[in-house]
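Remarks on the overall topology
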Amino acid sequence: MAEEKHAALSIKNITKIYGKKKAADHVSFDINEGEIFGFLGPNGAGKTTVIKSILGFIFPDEGEVFINGYDTKKHYEKAMASVGGIVENPEMYLNLSARKNIEMYARLHGNISKERIDEVINEVGLSGRSKDPIKKYSLGMKQRIGLAQAMVHKPKLLILDEPTNGLDPTGIHQLRDVLKKYAHEQGGAVMVSSHILSEMQLLCDRVGIINNGKLIKVCTMEELEKMNSSSRYILKVSDAQKTKELLSGNEKVSEIEVKDNIINAGIDEENIASIVRLLVTGGVDISEVKKNESSLEEVFLQVTGGGINVG
Ligand SMILES: Nc1ncnc2c1ncn2[C@@H]1O[C@H](COP(=O)(O)OP(=O)(O)OP(=O)(O)O)[C@@H](O)[C@H]1O
Ligand SMILES: [Mg+2]
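Residues numbered from 1 in each chain as written. Chains lettered and ligands numbered in written order. Predicted model: local features only at pLDDT ≥ 70, side-chain atom pairs only at ≥ 80, totals over all residues.

1. A short note on the site of ligand 1
Operational definition: In this analysis, residues qualify as near a molecule or strand once their C-beta atom, positioned from backbone atoms, comes within 6 Å of it. Put simply, DSSP marks the helices as runs of H or I at least four residues long and the strands as runs of E at least two long, and each gets a number from the N terminus on. Basically, the charged four are Asp, Glu, Lys and Arg, the nonpolar ten are Ala, Val, Leu, Ile, Met, Phe, Trp, Tyr, Cys and Pro, and anything else, Gly included, counts as polar.
Taken together, the neighbourhood of ligand 1 is formed by 13 residues, with Tyr18, Ala23, Lys47, Thr48 and Thr49 sitting nearest. Listed by contribution, the elements that provide at least two residues to the shell around ligand 1 are strand S2 (21-31) and helix H1 (47-55). Top contributing element to the shell around ligand 1 by residue count: H1, with 3 residues. For the shell around ligand 1, a count of residues per class yields 3 nonpolar, 8 polar and 2 charged.

What follows is the structure, given as structure tokens:
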């Protein structure tokens, strides 16, 4: 069985009902080796419920989970041997050091070398403090221990529920590097949940969007970006008045907003080069051109039908 090629994760029709609430409603998708899959959705969408069902922390009312080809209902131990994950607050011993906490976790997986433990401590950026008892640690540092615990046995499938919670910008950057290396260089499959699209954009190859318990879209990050047919761009210009004059009436430009020397305009990606050329030729210097991030947020809101649905 293990000789055949399987998706690292395959879930089919996962459904979990709490009272009258369908926290997960027939959710199905696959994740392959070597890819980072973002599980995106607003608060209460059902992300943690699906992740807990995959990791075996809760039993779904319906549906199947296959990890590395093993059905978790029939071959629980074999399935779980290929997965590492963190959900909400990982269990830790506060009086022990980061190293001890990681070692104890590693022991659950049998033979893990001291070198691997050093390596993982280093990868998550804890080497300076790994001997301190973790009760002295900040939230972000504890998050890093959780990540080290999840990765220590080099699972084929790594599942992290909102891993950027509590991390500072450096921590988020490091996390991104660690996960990209894990998937793209070492061939692992990574699933990361988040409600922050811009973070996912920098990290993920594919996304699954969940809202109200239902998976409403699975696509590559590029496809999601393309759905935004008319994008908005922000241009920092030397002369806003002149820019407005040069662009007014131009059919490639819509809805121009001006604030100081910042222009925010609707311009399709394929036209941005010619618009920049037009302005420069017309005597306007441009010191910055960037795509307006919020336009992707708008796509996300469109896809989720407005987004906020707490409870
Ligand atoms: N143990 C539980 N008992 C009752 N309802 C629950 C339970 N766990 C989750 N729910 C409900 O299921 C829905 C989905 O919750 P879930 O925690 O999966 O969302 P989430 O997408 O992880 O949200 P967040 O971004 O806030 O972490 C919510 O309506 C939540 O209130
Ligand atoms: Mg959650």
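2. Digging into the sheet that holds S2
Put simply, the test is: For two strands to pair, DSSP has to find at least two bridges joining them. Contact criterion: two residues are in contact if their C-beta atoms, reconstructed from the backbone, are within 7 Å. Convention adopted: a line fitted to C-alpha atoms gives each axis, helices being fitted over their contacting stretch, and angles between N-to-C directions are expressed from 0 to 180 degrees.
The sheet built from 4 strands is open, its strands ordered S2-S1-S4-S5 with antiparallel pairing. Two strands in the sheet have a free side with no partner beyond their single neighbour: S2 and strand S5 (70-71). Here strand S1 (residues 9-18) runs beside S2; their pairing, made up of 7 bridges, is antiparallel. Looking at S2, one finds that isoleucine 14 is bridged to valine 27. Of the strands in this sheet, S1, S2 and strand S4 (62-67) are in contact with H1, which crosses S1 at around 120°.

3. Regarding unusual backbone geometry
Quick note on the threshold: For every residue, the other C-beta atoms within 10 Å of its own C-beta are counted; 20 or more classify it as buried, 12 or fewer as exposed, and values in between as partly exposed. C-beta atoms are placed from the backbone.
If you check the backbone angles, asparagine 68 has positive phi at about 55° while not being a glycine. The topology assignment puts asparagine 68 in the loop between S4 and S5. By C-beta crowding, asparagine 68 is classed as buried, having 23 other C-beta atoms within 10 Å. Phi is positive for glutamate 162, close to 45°, though the residue is something other than glycine. For glutamate 162, the position within the fold is in the loop between strand S7 (157-160) and helix H6 (169-185). According to the C-beta neighbour criterion, glutamate 162 is buried, with 20 such atoms within 10 Å.

4. Focus on the packing of helix H3 (residues 98-107) against helix H5 (residues 139-151)
The criterion, for reference: Roughly parallel means an angle under 35 degrees; roughly antiparallel means over 145; roughly perpendicular covers 65 to 115; every other angle is labelled oblique. Crossing chirality is assigned from the near helix's rotation relative to the far helix, an anticlockwise turn below a right angle marking it left-handed and a clockwise turn marking it right-handed.
One way to put it is that H3 packs onto H5 with a least axis distance of 9 Å and a crossing angle of 30°. Viewed along their axes, H3 and H5 adopt a mutual orientation that is roughly parallel. In the crossing of H3 with H5, the sense of the turn from one axis to the other is right-handed. Between H3, through Ala98, Asn101, Ile102 and Tyr105, and H5, the contact on the second element is made entirely by Ile145, Ala148 and Gln149. Residue classes in the contact of H3 with H5 are distributed as 5 nonpolar, 2 polar and no charged.

5. Here we look at the environment of glycine 69
Note that glycine 69 resides in the loop between S4 and S5. Separated by 60 residues in sequence, glycine 69 and leucine 9 have C-alpha atoms that sit 7.5 Å apart.

6. Remarks on the domain arrangement of the protein chain
Going by this rule: Here the bounds of each domain stem from an automatic or database domain assignment.
According to the domain assignment, the protein chain contains domain 1 (9-226) and domain 2 (232-291). Each of domain 1 and domain 2 has a C-alpha centre, and these two points are 42 Å apart.

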